[in-house]
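Per-entry structural report
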Amino acid sequence: MRSRVNFLSLIICLGIVSYSKAQDEDKLRIAIIDLNHTGGLSQEEAITLTNRLRSRLVITDAFIVLERGQMEVILQEQGFQNTGCTTTECAVEMGKLLNVQMIVSGSIGQVGRIYTVDISLIDIMTAKIEESFIFDHSGEIGGLVKTMETVANDIAKRVTGKEETKQKSLCNSPWFI
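The structure presented is a predicted model; accordingly, all values stated were derived computationally and were not measured.

Cut-offs applied
- Residues numbered from 1 in each chain as written.
- Predicted model: local features only at pLDDT ≥ 70, side-chain atom pairs only at ≥ 80, totals over all residues.
- Heavy atoms only, no water.
- Helix = DSSP H or I, 4+ residues; strand = E, 2+ residues; numbered from the N terminus.
- Buried < 20%, exposed > 50% of the residue type's maximum accessible area, 1.4 Å probe, protein only.
- Pairing = 2+ DSSP bridges.
- Disulfide = S-S within 2.5 Å.

Let us look at the environment of Ala 156. Tracing the chain through its elements places Ala 156 in helix α5 (residues 144-160). Here the alpha-carbon distance between Ala 156 and Phe 63, two residues 93 residues apart in the chain, equals 7.9 Å.

The structure is reproduced here in structure tokens:
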């Protein structure tokens, strides 16, 4: 009986995955450049927050998000040095090499007791900043982790035009048998 339930669960997940693959064709392919840290944070903290933003964008299920390791491999193969890539032109060049439609770029810093997050969504074809997102966080640096969720949801809402963003399937969860 248990094997029958496992088999049925597998069939359901495969159906969901097949359906979601078809849905992926309508989604924008995006990449996220590590947030530039302008003060008040270490490079490690900025990278950790960038990774959280990337994960939260995946969870919105609004985009096909290029994985960081995959980005690094592609850029290395092309001989592209992405350290210090803070201009729109640099982001566009990187986006073309990564074969994405849009790139998320930005900075995070501290002014007094306020952390600022400035994010740009750049269209690779037009080299135009399509959207800008500005967030301020007053409090401990740890509160920026939750801010990254807000940033991701706002980006997804603005790009899709939908007030609610759906969440990824739970078929890959360890509790799903």
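Turning our eyes to something else, we now look at the pairing of strand β4 (residues 102-111). Taken across its ten residues, β4 has eight buried, putting it largely inside the fold. In terms of strand pairing, strand β2 (residues 36-37) meets β4 through two bridges, oriented parallel. Among the inter-strand pairings, Asn 36 is bridged to a residue of β4, identified as Ser 107. By the bridge criterion, ten bridges tie β4 to strand β5 (residues 114-123) in an arrangement that is antiparallel. For Gln 110, the partnering residue across the bridge sits in β5 and is Tyr 115. With antiparallel pairing between neighbouring strands as the criterion, β4 and β5 make up a hairpin whose turn holds two residues, including Gly 112 at a positive phi of roughly 60°.

For the structure on display, the rule yields one disulfide. Paired by a disulfide, Cys 85 and Cys 90 hold their sulfur atoms 2.0 Å apart. Judged by the sign of its S-S torsion, about -130°, the bond between Cys 85 and Cys 90 is left-handed. Overall, the relative accessible area of 8% leaves Cys 85 in the buried class.

Look at Asn 99: it is not a glycine, yet its phi comes out positive at around 60°. Here Ala 127, not a glycine, exhibits a phi torsion of approximately 60°, which is positive. Looking at where Ala 127 falls in the secondary structure, it is placed in the loop between β5 and β6 (128-138). Overall, the relative accessible area of 41% leaves Ala 127 in the partly exposed class.

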